[in-house]
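Understanding the architecture of this molecule
Listed below, chain by chain, are the residues.
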Amino acid sequence: MSIEIWEHETEQAWSVLQGMLGEWLTGEPAEQSVIIALPWPDGDPGHAAPYVQMAVLGDGTVRSEAVSNGHLDPRFHLDETRIDALGGLGWIEAEHPESGGSRNVWRHDDLPEDADVVAQTLVATLRDVYGVPAPCFLTATGFSEAGPLDGDDLPFGLTVVGPDVPTIDVTAVVATNPDDLRDLVAAAVSSVVEHEVEFDADGDIPVPAGNTVVYVRVAEGSPSVHLFAPLLHDVRWTPRVGHVLNEANGRLDYARVAFHGGQVMIEYQMFARPFVPELLRHAVVGLTGLVDGLDVDLQGRIGGKTLTDHQDGGA
């Protein structure tokens, strides 16, 4: 096959993949997560090969991510030109990658209005930024609440593979008193953040997350761990505030937002007798990722000030 024919057929294959992705997204698929990746079997498990992923949410939107140098294997690291190209495609950098959440670039789009834009962005990222030679080198993986997805669920013309099932440590420990539980909590949190873990003056462990801070607290009166983060300050209560918060809670699976004396908080409580460190690790990662951008979204709907506004002295 001549180079000209190869280039023509490859470009056509990319166009077909883009069309399939756009058509699938236009159909507003059910809530699920999909990863399109370049398989790299001999890589370090701690470092990734190029991939993009989509989380189709239940509110008619899709959050997409493209892997960044923070997760890429050094052999695939992007130079400044390619990093700039990500920005040119509309990807947004993680604001606080040191907080322990995802360091990938991301974007949030509406379905079905932005389906074609998302498809075009994903294909351009794989082809032009990561340099994947052709779609035939890629695989697709997906899962929903019902379990792994197959080729009928992911009609992209790619090889569909099952998701890697990680080994989960479900070791349970019984703490004899609150001080023992604090030690266990500190050890669990330190394993998922990249900064030194310390208790503040209130006895909480602060974990930076977007524009705010997630606090991890060991309850005194019961064997439980409380995670919470202030999202907005100086909010004046109106019926609309209650409506917006109730609507937000309808989209949250395990945490809840609440109004407390002019503040909007997000909260999550986990029982800790016995204490399972893996559950707390997932809770910390999940909540720090969840609050990133949630405060700004709520501020646009009900007013108030974010923590950043307070620190800057702004409105």
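Let us now look at the overall build of the protein chain. When its secondary structure is counted, the protein chain shows eight helices and twelve strands. Split into buried and exposed, the 315 residues of the protein chain put 43% on the buried side. Put simply, of all contacts in the protein chain between residues at least 6 apart along the chain, 64% involve residues at least 24 apart. With an accessible surface of roughly 16,300 Å², the protein chain has 53% of that area assigned to carbon and sulfur atoms.

With the rule as written, the count across this model stands at four aromatic pairs. Their ring planes at 25 degrees and their centres at 5.5 Å tell us that Tyr 215 and Phe 228 sit as a pair that is stacked. Placement of Tyr 215 in strand S9 (residues 212-218) and of Phe 228 in strand S10 (residues 224-232) is noted, with a sequence separation of 13 residues between them.

Spatially, S8-S9-S10-S12-S11 is the arrangement adopted by the five strands of the open sheet, whose pairing is antiparallel. A strand with exactly one partner marks an edge of an open sheet, and here the two such strands are strand S8 (205-209) and strand S11 (256-260). Between one strand axis and the next, the sheet turns by 30 degrees as a mean value, whatever way the strands run. The strands touched by helix H6 (residues 277-291) within the sheet are S8, S9, S10 and strand S12 (263-271), with S10 carrying the most contacts at an inclination of about 5 degrees. On top of the sheet, helix H7 (residues 294-302) reaches S10, S11 and S12; it is set at about 50 degrees to S10, its chief contact.

To continue, consider the confidence of the model for the protein chain. Averaged over all residues, the pLDDT of the protein chain equals 87, while 90% of them reach at least 70. When the elements of the protein chain are averaged for pLDDT, helix H8 (residues 307-312) gives the smallest value, 64, and helix H3 (residues 115-129) the largest, 96. Segment residues 96-101 is flagged for pLDDT under 50; beyond a separation of four residues in sequence, or across chains, it makes twelve contacts in the model.

Right, let's get into the pattern of salt bridges. Going through the model one piece at a time under the given rule, you end up with 13 salt bridges. Between Arg 256 and Glu 267 there is a salt bridge, with its nearest N and O atoms 3.0 Å apart. With Arg 256 in strand S11 and Glu 267 in strand S12, this pair connects stretches of sequence that are eleven residues apart. Take Arg 256: its relative accessible area is 44%, and that puts it in the partly exposed class. Here the salt bridges share partners, and the residues they tie into one network are Glu 11, Arg 127 and Asp 128.

Membership of the largest hydrophobic core comes to 41 residues, with the highest contact counts inside it found for Val 185, Val 189, Val 216, Ile 266 and Leu 280. Contributions of two or more residues to this core are made by helix H4 (178-190), S8, S9, S10, helix H5 (239-251), S12, H6 and H7. Core analysis: the second largest hydrophobic core is formed by 40 residues, Ala 37, Leu 72, Ala 119 and Leu 122 among them.

Close contact between H5 and H7 brings their axes to 10 Å; oriented N to C, the two are set at 150 degrees. As judged from the angle between their axes, H5 and H7 are roughly antiparallel. The chirality of how H5 crosses H7 is right-handed. On H7, the residues touching Arg 240, Val 241, Val 244, Leu 245, Glu 247 and Arg 251 of H5 are Asp 297, Leu 298, Arg 301 and Ile 302.

Right, let's talk about the side chain of Asp 109 for a bit. The topology assignment puts Asp 109 in strand S4 (residues 105-110). Note on Asp 109: relative accessible area 6%, which makes it buried. Of note is the side chain of Asp 109, whose polar atom sits 2.8 Å from the side chain of Arg 107. Here Asp 109 is in contact with Thr 61, Val 62, Asp 114 and Val 118, once residues within four sequence places are set aside.

By the alternation rule, side chains of S8 split into Ile 205, Val 207 and Ala 209, which are all buried, and Pro 206 and Pro 208, of which none is buried. Between S8 and S9, which pair antiparallel one after the other, the connecting turn spans two residues, and Gly 210 there sits at a positive phi close to 60 degrees.

Note that Glu 113 resides in the loop between S4 and H3. Linking Glu 113 and Gly 60, residues 53 residues apart in sequence, is a C-alpha distance of 9.9 Å.

Analysis parameters
Residues numbered from 1 in each chain as written. Predicted model: local features only at pLDDT ≥ 70, side-chain atom pairs only at ≥ 80, totals over all residues. Heavy atoms only, no water. Helix = DSSP H or I, 4+ residues; strand = E, 2+ residues; numbered from the N terminus. Buried < 20%, exposed > 50% of the residue type's maximum accessible area, 1.4 Å probe, protein only. Contact = heavy atoms within 4.5 Å. Areas by Shrake-Rupley, 256 points an atom, 1.4 Å probe, with all protein chains shown as cover. Phe/Tyr/Trp six-rings, centres within 6.5 Å; stacked < 30°, edge-to-face > 60°. Pairing = 2+ DSSP bridges. Axes fitted to C-alpha atoms, helices over the stretch in contact; angles between N-to-C directions. pLDDT = per-residue confidence, 0-100. Salt bridge = Lys/Arg side-chain N within 4 Å of Asp/Glu carboxyl O. Core = buried A, V, L, I, M, F, W, Y, C linked by side-chain atoms within 4.5 Å. Parallel < 35°, antiparallel > 145°, perpendicular 65-115°, else oblique. Left-handed = near helix turned anticlockwise from the far one by under 90°. Polar contact = N/O pair within 3.5 Å; in protein donor to acceptor, adjacent residues only side chain to side chain.

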